[in-house]
Every structure is written in C-alpha cells, then in structure tokens.
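# Coordinates in review
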Amino acid sequence: QTRDKEVKAFAKTIISRIRSINVTYDLLARTGANSVNLKAMLVRIMESSLESGNVSGCQISADVSGDELELTTSTASTVALIVNELLQNSLKYAFQGRDRGTIILTIEKGTDDSWITVSDDGCGFDEKSEKKQGSGLGLKLIDSLVKSKLKGQITISSGDGGTSTRFSFRSTAKK
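Sequence order as written defines residue numbering, which begins from 1 separately in each chain. A pLDDT threshold of at least 70 governs which residues receive local features in this predicted model, and a stricter bar of 80 or more applies before side-chain atom pairs are shown or counted, although totals over entire chains, interfaces and linings include all residues. Note: side-chain values were computed over all heavy atoms of the structure, leaving out hydrogens and water.

## A short note on the packing of aromatic side chains
Pairing of aromatic rings covers Phe, Tyr and the six-membered ring of Trp, with a centre-to-centre limit of 6.5 Å; geometry is then stacked below 30 degrees between planes, edge-to-face above 60, and tilted otherwise. In total, this model carries one aromatic pair according to the counting rule given. Over the ring of Trp 115 we find Arg 166; its NZ or CZ atom is 4.0 Å from the centre of that ring. Over a ring means this: the NZ of a Lys or the CZ of an Arg is within 6 Å of the ring centre and within 35 degrees of the ring normal.

## Overview of the sheet that holds strand β2 (residues 59-66)
Hydrogen bonds along the backbone pair up the strands of a sheet, which may run parallel or antiparallel. Taken in spatial order, the five strands make up an open sheet running β2-β4-β5-β7-β6, and their pairing is mixed. Two strands in the sheet have a free side with no partner beyond their single neighbour: β2 and β6 (154-159). The average angle at which neighbouring strand axes cross in this sheet is 10°, direction not considered. Strands are treated as partners if at least two bridges between them are detected by DSSP. What counts as a helix is a DSSP run of H or I of at least four residues, what counts as a strand is a run of E of at least two, and both are numbered from the N terminus. Two strands pair when backbone bridges link them, and strand β5 (residues 113-120) and strand β7 (residues 162-170) are joined in this way by eight bridges, in the antiparallel orientation. Bridging across to β7, Trp 115 finds its partner in Ser 168. The contact criterion used is simple: two residues touch if any of their non-hydrogen atoms lie within 4.5 Å. Axis angles are defined between N-to-C directions and span 0 to 180 degrees, where every axis is a line fitted to C-alpha atoms and, for a helix, only to the segment in contact. Each of β2, β4 (100-108), β5 and β7 is contacted by helix α2 (residues 38-52), which is oriented at about 170° to β2, the strand it contacts most. Each of β6 and β7 touches helix α5 (residues 137-149); the most contacted strand, β6, lies at about 150° to it.

## Focus: the nonpolar core
Formed by 35 residues in total, the largest nonpolar core has its most connected members in Leu 38, Leu 42, Val 79 and Phe 167. Of all the elements in the fold, those that place two or more residues in this core are α2, β2, α3 (73-94), β4, β5, α5 and β7. Sorting elements by how many residues they give to this core places α3 first, with 10 residues. Those residues in contact with Leu 42 that lie beyond four places of it in its chain are Val 64, Val 79, Val 83, Leu 105, Ile 107 and Ile 116. Buried residues of nine kinds, namely Ala, Val, Leu, Ile, Met, Phe, Trp, Tyr and Cys, make up a nonpolar core once their side-chain atoms join them within 4.5 Å. Three exposure classes are used, based on accessible area relative to the maximum for each residue type with a 1.4 Å probe and protein chains only: buried under 20%, partly exposed in between, and exposed over 50%.

Right, here's the structure in full:
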C-alpha cells in the first residue's frame, strides 16, 4: 500500500520471481512427475509475464518454439527464474513509446548442452554504455544463475533491432 514508486517496483519484481518458481512446482504437482516439460513451463511463464507486465498501450505478441525437453526440478526452477527475468527486462525497457512489440523464446535441444534464446524486437540498448555503468541487478542475477547453477554460457546482443539473450544449460532430458 506504499506510495513509493521504487518500493512498488521492487515488490512487483519479487512477486514476478516467485510466480516463475510457482509455475515450475505447479506443473510438477499436476503431473506427479520428477521432471517438467520445458516448453509448457515457458508458455506459462510467458503468459504470466504478459498478464502482469506493465507495457501501457503496447500490444505484445509472443511465441515459444523449438524442441521438446524435460528438465529436472532443480534445472527447471533455475531456468524459470532466468527466463522470467529476461521477459521482465523486455517488458520494462524494450517497448517504451511503441504500439507493438514481439518477444520470441526458442528452445534448442543438444546432446550435452541445450540452449534457450529470448529475443525481442524492441529498442535495444548500448552494450558498451551498459558495461561502463555496470549491469543492473537483474542482469547480474541472470549471469550468476547461468554460470554457477546451470554451468552454462550466456551471450547478449543488442542493437536497434532489439535484444537477444542466449544461454545454455546441461541437457537433463528424460527419454
């Protein structure tokens, strides 16, 4: 009930992170399995982000495509946090002052490592300026989770055509 805009924004961020983890555990509870279908999880996170996202006046189209993959609970909850954070960044920064925008999530299943790419067609950002100023807390969280929890790699590219973030994680597919 605070009127402080910074406190409200922080609370919204925390709620969004909790929802992303909740999606993972909700899918587990419904199936009774020890693994989560990655595509189904990402669709639910995308829907939740779009429902609660604050992009006033901008119509966002979104798509989740790519390979089918089952993830362990631990990997799924970490991936959920990362994707949620990337979606929130797109919704918060990419489409300011625009009527329309697009966000695409792509899953690539590999033998040892798999990849997720989150891309938008927003305004992008100046990567050099961002590095000089220091990344925001969200990007630091993403980088840390990818490298420490998932033992993966991350690349971010941004320009006038939008931003694309691609990260890897060990394939823990069940057959």
